[in-house]
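Below are the chains, spelled out letter by letter.
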Amino acid sequence: MYVEYSRTPIAYPTEAMEPYRLEKETDIDKLPKDAEFVVYAIPSCKQLAQLKGYVKLRYLHVEYSAGSDVFTAESSRMIADIPNLKALRFGLARNTKRLENDLTAGEIPCIGSFRNLEELSIEDTRCDASLPAAIGALPSLKALSMCYIRWNIEDMEVAKAFLKTSKLQRLRFGRHSGGSSTVGLKGITSQLGLTISNLPELVELEIWGRVEQNGLYAICLSKTLKHLILNSIRMHSEEEVSSLGKLASLTSLEWDVADYEKRDLIPKAIEGRDTIEQVYVYSSPDSGRRMTQEGMACIVSLPSLKVLYCEDAVSIEDIRPGVLSKLSKIQSLVLAVDGITDEVLHDISKCTSLERLALRLGPGTSDKGMKSIGSLEQLRVVTLIYQEEEGWIGKPQKFQITDEGLIAALGTLKKLKGLFLSRFTPILNPKVYEQIVSLKTLTHMSFAYGSPSREDLERLEALPMLEYLGMQTPKIPDGYAATIGKMKQLKTLALYLYDETGDQLMKSLGEVRPELEVLVYRW
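It should be emphasised that the depicted structure is a prediction, and the values quoted were computed from it without experimental measurement.

### Focus: the overall build of the chain
A count of helices and strands for the chain gives 16 helices and 23 strands. Across the 523 residues of the chain, 54% fall into the buried class. Here the analysis covers contacts within the chain between residues at least 6 apart in sequence; of these, 68% occur between residues at least 24 apart. When the accessible surface of the chain is split by element, carbon and sulfur atoms take 49% of a total near 22,100 Å².

### Concerning helix α12 (residues 403-410)
Along α12, the positions that sit buried rather than exposed are Asp403, Gly405, Leu406, Ala409 and Leu410. Looking straight down α12, one finds that the buried residues subtend no more than 160° of arc, so they occupy a single side. In this structure, the buried residues of α12 make contact with α11 (367-373), β18 (381-386), β19 (418-422) and α13 (430-437).

### Observations concerning the nonpolar core
If you look at the biggest cluster of nonpolar residues, it comprises 140 residues, and the most contacted ones within it are Trp255 and Ile348. If near-sequence neighbours (up to four positions away) are discounted, Trp255 is found in contact with Leu230, Tyr260, Ile266, Pro267, Val279, Tyr280, Val281, Tyr282, Met291 and Ile299.

### Describing the packing of aromatic side chains
Within the structure shown, the criterion is met by 4 aromatic pairs. On the numbers, 5.9 Å between centres and 65° between planes, the contact of Phe37 with Tyr59 is edge-to-face. You can see Phe37 sitting in strand β2 (residues 37-41) and its partner Tyr59 sitting in strand β3 (residues 59-64), a full 22 residues away along the chain. No difference in accessibility class separates Phe37 from Tyr59, as the two residues are buried. In this arrangement the basic side chain of Lys33 is found over the ring face of Tyr54, its NZ or CZ atom lying 4.2 Å from the centre.

### Quick look at unusual backbone geometry
If a residue is not glycine, its phi is most likely negative; likewise, a peptide bond is most likely trans. In this model, Asn214 sits at a positive phi of 70°, which is unusual for a non-glycine residue. Tracing the sequence through the fold places Asn214 in the loop between β11 (210-211) and α6 (215-219). With a relative accessible area of 35%, Asn214 lands in the partly exposed category.

### A short note on the packing of α12 against α13
Following both chains from N to C, one finds α12 and α13 inclined at 5°, their axes separated by 9 Å at the closest point. Considered as vectors, α12 and α13 are oriented roughly parallel to each other. Taking contact as the criterion, the partners of Asp403, Glu404, Leu406, Ile407 and Leu410 in α12 are, on α13, Lys431, Val432, Gln435 and Ile436.

### Overview of the environment of Arg423
For Arg423, the position within the fold is in the loop between β19 and α13. Distance from Arg423 to Gln387, taken between C-alpha atoms, is 8.2 Å for residues 36 residues apart in sequence.

### Notes on the pattern of salt bridges
For the structure on display, the rule yields 16 salt bridges. Residues Glu63 and Arg21 are paired through a salt bridge, measuring 3.0 Å at the closest nitrogen-oxygen approach. In this pair, Glu63 sits in strand β3 while Arg21 sits in strand β1 (residues 20-22), placing the two residues 42 residues apart along the sequence. Take Glu63: its relative accessible area is 5%, and that puts it in the buried class. One salt bridge connects Asp312 with Arg360, and the closest N-O pair in it is separated by 3.1 Å. Linking Asp312 in the loop between β15 (307-311) and β16 (332-336) with Arg360 in strand β17 (residues 356-361), this pair joins segments that are 48 residues apart in sequence. The residues Asp312 and Arg360 share a single accessibility class, namely buried. The network of salt bridges with shared partners includes Arg21, Glu23 and Glu63.

### Some words on the pairing of β16
The element β16 is largely enclosed, with a buried count of 5 among its 5 residues. With burial as the criterion, each face of β16 is covered, one bearing Ser332, Val334 and Ala336 and the other bearing Leu333 and Leu335. Pairing analysis gives 4 bridges linking β16 to β17, with the strands arranged parallel. Residue pairing in the sheet places Leu333 in a bridge with Leu357 of β17. The parallel pair β16 and β17, bridged by helix α10 (residues 342-348), forms a crossover whose chirality is right-handed.

### Focus on helix α16 (residues 503-512)
Burial in α16 covers these residues: Leu505, Ser508 and Leu509. Considered in projection along α16, the buried side chains sweep an arc of 100° and stay on one side of the axis. When the buried face of α16 is taken as reference, the exposed residues oriented beyond 90 degrees from it are Lys507 and Glu511.

### Details of the side chain of His227
Note on placement: His227 falls in strand β12 (residues 227-231). We classify His227 as buried; its relative accessible area is 17%. Contacts of His227, omitting those with residues within four sequence positions, involve Val203, Glu204, Leu205, Leu250, Thr251 and Ser252.

Conventions and cut-offs
Residues numbered from 1 in each chain as written. Predicted model: local features only at pLDDT ≥ 70, side-chain atom pairs only at ≥ 80, totals over all residues. Heavy atoms only, no water. Helix = DSSP H or I, 4+ residues; strand = E, 2+ residues; numbered from the N terminus. Buried < 20%, exposed > 50% of the residue type's maximum accessible area, 1.4 Å probe, protein only. Contact = heavy atoms within 4.5 Å. Areas by Shrake-Rupley, 256 points an atom, 1.4 Å probe, with all protein chains shown as cover. Arc of directions from axis to C-beta. Core = buried A, V, L, I, M, F, W, Y, C linked by side-chain atoms within 4.5 Å. Phe/Tyr/Trp six-rings, centres within 6.5 Å; stacked < 30°, edge-to-face > 60°. Lys NZ or Arg CZ within 6 Å of the ring centre and 35° of its normal. Axes fitted to C-alpha atoms, helices over the stretch in contact; angles between N-to-C directions. Parallel < 35°, antiparallel > 145°, perpendicular 65-115°, else oblique. Salt bridge = Lys/Arg side-chain N within 4 Å of Asp/Glu carboxyl O. Pairing = 2+ DSSP bridges. Right-handed = clockwise from strand over helix to strand, strands pointing away.

Now the structure itself:
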């Protein structure tokens, strides 16, 4: 599902900025000199040295695997020589299993020379005492992410080393990879919580893993924390969870319902808080844990709520009629739950301030409900996913929505910039494409689990502002390259492919549109 978070992930600029991805050494020959965001797949020191001349490069994501030489003094010097680098991320390459004992990070002794580095993310590796000490000495560091890290020294000494910087604004802790031979950051203790709460500029905290007894109490003493993200953690008592209500500056909260036996603990802890503007709540579909009617009512009644992301965290039966229509200030709503009905869409249509909407639809949704969506004239981004009968790879259930219903939903959305449709192929026809083409403000368009025919793609040429086109498809229709070559307004083509079928398309596009940015993701 397409989700537009307002917060910025560690070591990434914005979700709107697509990275240049370098898969092999020769790819750097195609990299424009004004590139700002680069993902480099398993580079050598020699390849990293080639980036020195890219003076506008601000964001670098280095992927590594066992045996790679990115964690050496030489490679860190190469990275430090990139003059305007602001954000650096080290992470495992795609389809690489967690390394655990296969990779030793070493000291990265030159990391202290990254004088201008503001964001740093290091994941899935082992480190010794010198690395956190060097991180703590970075003078400009504002954001730090340490996930699945294994340390060889005691937890609190590690924490003191990299938390001593007073400029840290965003902090992300991750669980360690396990194993009995090393000691990892096993949990947020009360002592560590106090250290965190005393960071004078800390605004965002994300925790993956355990929070020890009284750890949350200590964190909630922070007077600056605005965004709190709790992932895969389990609290010790209702009283400790209720301490979330003490965070006077809190504006955004995210949690997994499946982590709590009493599923309404957090909603009740924040009930009535007029500072909270964003709530992200989710649950794994097979956990069987959902909020109750009372929990959902607590969230919806938050007086200043502008963003609500809800994925499998509530059953549609527990969204009482009329509840969603109370979201008078809501600007962004993601409702990824099964069984959405026309009645639910009718309630959503009362949220006249909505600018972004993402829905998981299904057999309970008809043309009547789709017409309700069309009344939301302020919508800028719409994501519609049709629910599958057997997970995401089963056959679509019988459509109650017709092409006329989809046309009615889109007809009045004259300010729409992003349209993302998943599994709507059965009702996409020339009449629907004519309606899409009438949306002259559209800049982003994406099709998932199906792609337009060549003829339908040609119709999209009439969209004067279309910059981004995404497709997730098992097969590329013939003639695509020639058609896309005519779409001069298009800047980025994103392909989600199941095999090597896109190789010929990319080769052909390189001939007819060499300046077009093509992003390929393999499934």
